[in-house]
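# Examination of the molecular architecture
The primary structure of each chain is shown beneath.
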Amino acid sequence: MPVIQEAHLLNAAVEALRGLGLEAKAQAAANESDLLGADGLATIGMHPKQQQYAVVVKRQLRPANLGVTLLQLDRHAAQHGLPSLLVADYITPEIAETLHKQGREFVDAAGNAFIRQPGTLIYVTGRKQVLKTEAPQIGRAFQPTGLQVIFALLCHPEWINLPYRELAARAGVAHGTVGWVMPDLQQQGFITEIKGKRGTRRLNEGERLLALWVDAYARQLRPRLALGRYFVQTIDDWHDWPLAAHAAQWGGEPAGALLTQYLKPAELTLYAEKLPGLLAGKYKFRQEADAQHRDAVEVRRRFWDFPGEQAQACVPPVLVYADLLATGDARCIETAKRLYEEHVVQLFQ
C-alpha cells in the first residue's frame, strides 16, 4: 500500500470523483497563507452545472479529530463564501454516516464520497482503503508532555517569559521538558526571542498554534487523561453537584453550558487529580449502565496546576473548547464556536 502525503491527496480525490462519473478539477494552495488558508479549491459537477468548493485536506481522519475538522470546514466555507469539501485519505463507514447526516460533502482516495448538488446526488461508502498516509509531522513539541506546555502558554500567553522551572510546574511536566519544547516552538515560528534582553519572548500565531494543539491533543493527550467512565441515575441536577468541595472542576459539555449559556449537557465531564470517591458515592457512580443508571459521567485527570484557578467551577476555556470539538457532535461544535468567540480568541489578540 503506497504512502501518500497531503500534496497528492487532492489529485487522488479528483481522480476518484472522475471515476464516479463526475467532472472534477482542483487547485492546491501554494502555502499556508494562500487561498485564505484553505488547502485548495475544487470544481465539481456535470457541465454546465458545476460547483466550486473550498477544500480541507485531512490525513488520518478519526472520530477524535473529526470535530476540529468540521470546524475548519465551516470557517473556510465562511471565508470563501463557498460550500466546503472534505478530502481525506480514507473515511470509514461510521464517519461517512456522521458526515452524511450533517450534510457534509466529502471524498476520499478510495472513492467513498458524498456530493449533493442540484440534479446530482452521489453517496458511496464502504470501499476499502487504497492509500496509506503518515501522521502529519508537526514537531516534537506536539508530543503529549509538550502539549501540556503548549496548553499552559495558550491559556496564559504572558507566561512565555516565566523561568522554565516555574512554567514546568504550572504545566505539570518535568523541568527538562520545557527546555526542549521552547526551542522547538521557536524553530517552528511560534516563539520570537530577542537575545540578550529579559522578558522579550513573544508567542506568535496563537490561533494557528491552537488549531494544531487541538488536533494533536485529541489524538495524543486526551486518551491518556481518562480516569473512568461511569453511569448515574440522572444528570438533570448537575448544577447542584458540589464539585469544588471535592477538588473537581467541570469540563466538556457542562463547562460549555456554564460558559456560553447555550448547551444542555447530554453527558458530564469533570476533571480532578483522582476519582473523587465521596462524590462518586453520593451520586452512586456505576461502571456499567443498567435500567436506572444510564446517564454518563466521564472523569478525567487534571494535569495542570495554574495558581489560583483550581477553585474555579470550570477548567480553562481552551480545554473546554478542545473537548467539545473532540466529541464530533454538531451541538458541541456549535457551542465550541460560541466559546471560541466569547472566551478564547481574545487570548491571542
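Please refer to the structure placed before this passage.
Before going into details, it helps to say that this report is about the structure given with it. Here the structure is a predicted model, which is why all the values come from computation and not from measurement.

## Things to note about the overall build of the chain
A tally of helices and strands in the chain yields eleven helices and 15 strands. Taken over the C-alpha trace, the chain has a radius of gyration of 22 Å; the compact-globule value for 349 residues is 20 Å, and the two agree within 12%. Counting only C-alpha atoms and orienting by the principal axes, one finds that the chain spans roughly 65 × 65 × 35 Å. By the burial criterion, 51% of the 349 residues in the chain qualify as buried. Taking as baseline every contact in the chain between residues at least 6 positions apart, the subset at least 24 positions apart corresponds to 63%.

## Here's the deal with helix H6 (residues 175-187)
Those residues of H6 that sit buried are Thr177, Val178, Val181, Met182, Asp184 and Leu185. In a view along the axis of H6, the buried residues occupy a sector of 170°, so they form one face of it. Contacts made by the buried residues of H6 are with helix H4 (144-155), helix H5 (164-171), strand E10 (191-192) and helix H7 (206-221). The first or second residue beyond H6 is Gly189, which carries a positive phi of 90°.

## Observations concerning the sheet that holds strand E2 (residues 23-28)
Spatial ordering of the open sheet is given by E2-E3-E4-E5-E6-E7-E8, a layout of seven strands whose pairing is mixed. Each of the sheet's edge strands pairs with one partner strand only, and the pair in question is E2 and strand E8 (120-124). With direction set aside, neighbouring strand axes in the sheet form an average angle of 25°. Bridge count for strand E6 (residues 106-108) against strand E7 (residues 113-117) is two bridges, and the pairing is antiparallel. Across the sheet, the residue bridging to Val107 is Ala113, located in E7.

## Some remarks on the packing of aromatic side chains
Scanning the model with the defined rule gives 17 aromatic pairs in all. For the ring pair Tyr321 and Tyr340, a centre distance of 5.5 Å and an interplane angle of 35° mean the geometry is tilted. Remark: Tyr340 occurs in helix H11 (residues 330-344) and Tyr321 occurs in helix H10 (residues 317-327); sequence separation between them is 19 residues. Each member of the pair, Tyr321 together with Tyr340, is buried. Members of the aromatic cluster, connected to one another through ring pairs, are Phe151, Trp159, Trp213, Tyr217, Tyr271, Phe303, Trp304 and Phe306. In this arrangement the basic side chain of Arg140 is found over the ring face of Trp180, its NZ or CZ atom lying 4.2 Å from the centre. Above the plane of the ring of Trp159 lies Arg170, whose end atom (NZ or CZ) is 4.6 Å from the centre.

## Points about the side chain of Arg302
The topology assignment puts Arg302 in the loop between strand E15 (295-301) and H10. Look at Arg302 and you get buried, because its relative accessible area is 4%. Only 3.1 Å separates the side chain of Arg302 from the backbone oxygen of Ala247, close enough to count as a polar contact. Of note is the side chain of Arg302, whose polar atom sits 3.0 Å from the side chain of Gln249. Once residues lying within four places of it in the same chain are set aside, the contact partners of Arg302 are Ala247, Ala248, Gln249, Tyr271, Ala272, Glu273 and Gln310.

## Observations regarding the environment of Pro317
Mapped onto the elements of the fold, Pro317 is located in helix H10. For Pro317, a relative accessible area of 26% corresponds to the partly exposed category. The spatial distance from the C-alpha of Pro317 to the C-alpha of Ala255 is 8.3 Å, given a sequence separation of 62 residues.

## Brief notes about the packing of H7 against H10
Close contact between H7 and H10 brings their axes to 10 Å; oriented N to C, the two are set at 55°. One element, H7, and the other, H10, form an angle in the oblique class. The way H7 lies across H10 gives a crossing that is right-handed. Of H10, the residues touching H7 (which contributes Leu210, Trp213, Val214, Tyr217 and Ala218) are Val318, Leu319, Tyr321, Ala322, Asp323, Leu325 and Ala326. Of the residues that constitute the contact of H7 with H10, the class distribution is eleven nonpolar, no polar and one charged.

Conventions we followed
- Residues numbered from 1 in each chain as written.
- Predicted model: local features only at pLDDT ≥ 70, side-chain atom pairs only at ≥ 80, totals over all residues.
- Heavy atoms only, no water.
- Helix = DSSP H or I, 4+ residues; strand = E, 2+ residues; numbered from the N terminus.
- Rg over C-alpha atoms; globule rule 2.2 N^0.38 Å.
- Buried < 20%, exposed > 50% of the residue type's maximum accessible area, 1.4 Å probe, protein only.
- Contact = heavy atoms within 4.5 Å.
- Arc of directions from axis to C-beta.
- Pairing = 2+ DSSP bridges.
- Axes fitted to C-alpha atoms, helices over the stretch in contact; angles between N-to-C directions.
- Phe/Tyr/Trp six-rings, centres within 6.5 Å; stacked < 30°, edge-to-face > 60°.
- Lys NZ or Arg CZ within 6 Å of the ring centre and 35° of its normal.
- Polar contact = N/O pair within 3.5 Å; in protein donor to acceptor, adjacent residues only side chain to side chain.
- Parallel < 35°, antiparallel > 145°, perpendicular 65-115°, else oblique.
- Left-handed = near helix turned anticlockwise from the far one by under 90°.
- Nonpolar A, V, L, I, M, F, W, Y, C, P; charged D, E, K, R; others polar.

What is shown is where atoms sit, not what they do.
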